[in-house]
Amino acid sequence: MSIASKQIAFSEIPVIDIETLVDGSDAESVARKIGKACEEVGFFYVKNHGVPQEMIDRVYKAAEDFFKLPQEVKESLHVAKSGPTLRGYIPPYGENADPKKTRDLKEVFDYGVHTDEVSPFFGPNPNPTEEELPGFKETCEEYHDAMMALARKLVSAFAISLDLPANYFEKKQQHPITIQRFLHYPAQTGEVTEKEIGIGAHTDYGFLTILSQDAVGGLQVQNSVGEWITAPSIEGAFVINIGDLVKTMTNGRYSSTVHRVVNTSGASRFSVGFFIDLDYDAVVEVVPTCVDKDNPAETAPFTCGEYKYGRFVKVYPHLQETDKTLTPAS
Ligand SMILES: O=C(O)CCC(=O)C(=O)O
Ligand SMILES: [Fe+2]
């Protein structure tokens, strides 16, 4: 008998108070709730996460100001110019999460840890200048630090929930690949079909995603019977979802759940995602508590960075030499 997915036909996404995980007074009970949510839904909200609202507000201001920059300034920071670092601006239709079905209306700014040397997922950040957006770089860095600290707490809870030592994943996350992503979803009017929505249906490729969404709404999560369940904005809470790496490492016990965004609210929607993976060279393999002789590993070990880069090639038209079918309508 294999450990088949336990994802259920959920009708709402659990909300978990993580105060005692953050302050260290009772990580265990929070970890159990997180484990259940990862098995049954693959998504959950966290409240009392300790990230100051004032900082989150500043990040939204930075994101909104960025997307208001003249189009030529944004294009000068285009992701294609960062080579394998994969940072910077992505215009509408520049990255399509479900390219066979959907073109994505979202525009994006991707940011990460600064390194002088360029290698896949690492390198300098193509920031706007201080004259264009004063304080932008500092705000991005500050939020990245806060997200990294929160991610490490959540990752330790994942480990505990899998009956592993709390620091189990640390050796694979010394210098993890991270992407901090500002997203802008223009309001969609008229007839809405799957051909063109905010972001097409997808699972996240990495380990863990921490998402902040504004009050506009539009995120939808698919349950085990294929229904799209609304994930409304909850004031002060982050949405957490697990990515395909965790699904692989738990042998399918934790669900990386399909989601998409459709913004028909009439207003622009902004969200900020933080994606953390493993180190570029870390081996992705099933953890010892999710494999035994009755439940053999469903996936052979692979390297995190190579796998993830391959997934990006599939969704970025600029990385594909042959596929010219996804050029934006002018
Ligand atoms: O903006 C959102 O609510 C979701 C974004 C998302 O799914 C992604 O960037 O992977
Ligand atoms: Fe996603």
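Note that the coordinates shown come from a computational prediction; the quantities given were computed from them, not determined experimentally.

**Examining the overall build of the protein**
Link 1 in the chain: Scanning the protein for helices and strands turns up seven helices and 16 strands.
Link 2 in the chain: The globule rule puts the C-alpha radius of gyration for 330 residues at 20 Å, and the 19 Å found for the protein is close to it.
Link 3 in the chain: Considered along the principal axes of its C-alpha atoms, the protein spans approximately 55 × 40 × 40 Å.
Link 4 in the chain: Expressed as a percentage of its 330 residues, the buried residues of the protein come to 55%.
Link 5 in the chain: Within the protein, residue pairs in contact and separated by at least 24 positions form 78% of the contacts whose partners lie at least 6 positions apart.
Link 6 in the chain: Surface accessibility of the protein: about 14,300 Å² in total, with carbon and sulfur atoms responsible for 54%.
Link 7 in the chain: In the protein, the 31 positive side-chain charges and the 48 negative ones have mean positions that sit 4 Å from each other.

**Focus: the packing of aromatic side chains**
Link 1 in the chain: Tallied over the entire structure, the rule returns 17 aromatic pairs.
Link 2 in the chain: Summarising the aromatic geometry, the rings of Phe66 and Phe67 are spaced 5.4 Å apart at their centres and angled 85° between planes, so their arrangement reads as edge-to-face. Across this residue pair, the class does not change: Phe66 and Phe67 are buried.
Link 3 in the chain: Their ring planes at 70° and their centres at 6.5 Å tell us that Phe158 and Tyr254 sit as a pair that is edge-to-face. Placement of the pair is Phe158 in helix 5 (residues 136-161) and Tyr254 in the loop between helix 6 (244-249) and strand 13 (259-261), with a sequence separation of 96 residues. Accessibility assignment for this pair places Phe158 and Tyr254 in one class, buried.

**Points about the packing of helix 3 (residues 53-68) against helix 5**
Link 1 in the chain: Put simply, helix 3 and helix 5 touch, their axes get as near as 10 Å, and they point 135° apart. As judged from the angle between their axes, helix 3 and helix 5 are oblique. With respect to the hand of their crossing, helix 3 and helix 5 are arranged in left-handed fashion. Contacts between helix 3 and helix 5 pair Met55, Ile56, Arg58, Val59, Ala62 and Phe66 from the former with Phe136, Thr139, Glu142, Tyr143 and Ala146 from the latter.
Link 2 in the chain: Its residues assigned to classes, the contact of helix 3 with helix 5 comprises eight nonpolar, one polar and two charged.

**Let's talk about the nonpolar core**
Link 1 in the chain: The biggest cluster of nonpolar side chains holds 97 residues, and the ones touching the most others in it are Ile34, Leu154, Phe158, Phe169, Phe182, Phe207 and Phe238.
Link 2 in the chain: Tallying contributions element by element places helix 5 first for this core, with 14 residues.
Link 3 in the chain: Residues in contact with Leu154, not counting those within four places in the same chain, are Ile18, Leu21, Ile34, Val46, Leu208, Ile210 and Ile240.

**Remarks on the packing of helix 2 (residues 27-40) against helix 5**
Link 1 in the chain: The geometry of helix 2 relative to helix 5 is characterised by a closest axis approach of 8 Å and an angle of 80° between their N-to-C directions. Taken together, the axes of helix 2 and helix 5 are roughly perpendicular relative to one another. Across from Ala27, Glu28, Ala31, Arg32, Ile34, Gly35 and Cys38 in helix 2, the residues of helix 5 making contact are Leu154, Ala157, Phe158, Ile160 and Ser161.
Link 2 in the chain: Its residues assigned to classes, the contact of helix 2 with helix 5 comprises eight nonpolar, two polar and two charged.

**Digging into the coordination of the iron ion (ligand 2)**
Ideal values differ by geometry: the angle at a metal is 109.5 degrees with four tetrahedral donors, but 90 or 180 degrees with six octahedral donors.
Link 1 in the chain: Coordination of the iron ion (ligand 2) by the protein is provided by His202 (NE2), Asp204 (OD) and His259 (NE2), with metal-donor distances spanning 2.1 to 2.2 Å.
Link 2 in the chain: Read in sequence order, the donor residues for the iron ion (ligand 2) give the motif H-x1-D-x54-H. With respect to class, His202 is no different from Asp204; both count as buried.

**A look at the UniProt feature "domain: Fe2OG dioxygenase" (unreviewed entry) in the protein**
Link 1 in the chain: As recorded in UniProt, the feature "domain: Fe2OG dioxygenase" (unreviewed entry) lies at residues 175-278.
Link 2 in the chain: End-to-end, the C-alpha atoms of residues 175-278 are 8 Å apart, and along that stretch the chain is 6% helix and 45% strand.

**Remarks on the site of ligand 1**
Link 1 in the chain: Taken together, the residues surrounding ligand 1 are Leu183, Tyr185, Ile199, His202, Asp204, Leu211, Leu219, His259, Val261, Arg269, Ser271 and Phe275.
Link 2 in the chain: Tyr185 is positioned with one of its side-chain polar atoms (N or O) 2.6 Å from an oxygen atom of ligand 1.
Link 3 in the chain: With respect to ligand 1, the side chain of Arg269 contributes an N or O atom lying 2.8 Å from an oxygen atom.
Link 4 in the chain: In isolation ligand 1 exposes 290 Å². Once the protein is present, 96% of that is buried.
Link 5 in the chain: Residue assignment for the shell around ligand 1 shows that the elements contributing at least two residues are strand 6 (176-185), strand 8 (199-202), strand 13 and strand 14 (269-279).
Link 6 in the chain: Top element by residues in the shell around ligand 1 is strand 14. It accounts for three residues.

Rules of the game
- Residues numbered from 1 in each chain as written.
- Chains lettered and ligands numbered in written order.
- Predicted model: local features only at pLDDT ≥ 70, side-chain atom pairs only at ≥ 80, totals over all residues.
- Heavy atoms only, no water.
- Helix = DSSP H or I, 4+ residues; strand = E, 2+ residues; numbered from the N terminus.
- Rg over C-alpha atoms; globule rule 2.2 N^0.38 Å.
- Buried < 20%, exposed > 50% of the residue type's maximum accessible area, 1.4 Å probe, protein only.
- Contact = heavy atoms within 4.5 Å.
- Areas by Shrake-Rupley, 256 points an atom, 1.4 Å probe, with all protein chains shown as cover.
- Lys, Arg positive; Asp, Glu negative; His and termini not counted.
- Charge placed at Lys NZ, Arg CZ, Asp CG, Glu CD.
- Phe/Tyr/Trp six-rings, centres within 6.5 Å; stacked < 30°, edge-to-face > 60°.
- Axes fitted to C-alpha atoms, helices over the stretch in contact; angles between N-to-C directions.
- Parallel < 35°, antiparallel > 145°, perpendicular 65-115°, else oblique.
- Left-handed = near helix turned anticlockwise from the far one by under 90°.
- Nonpolar A, V, L, I, M, F, W, Y, C, P; charged D, E, K, R; others polar.
- Core = buried A, V, L, I, M, F, W, Y, C linked by side-chain atoms within 4.5 Å.
- Donors = N, O, S within 2.8 Å, 3.2 Å for Na, K, Ca; no water.
- UniProt positions renumbered as here; feature names shortened; annotations may be inferred.
- Near = heavy atom within 4 Å.
- Polar contact = N/O pair within 3.5 Å; in protein donor to acceptor, adjacent residues only side chain to side chain.

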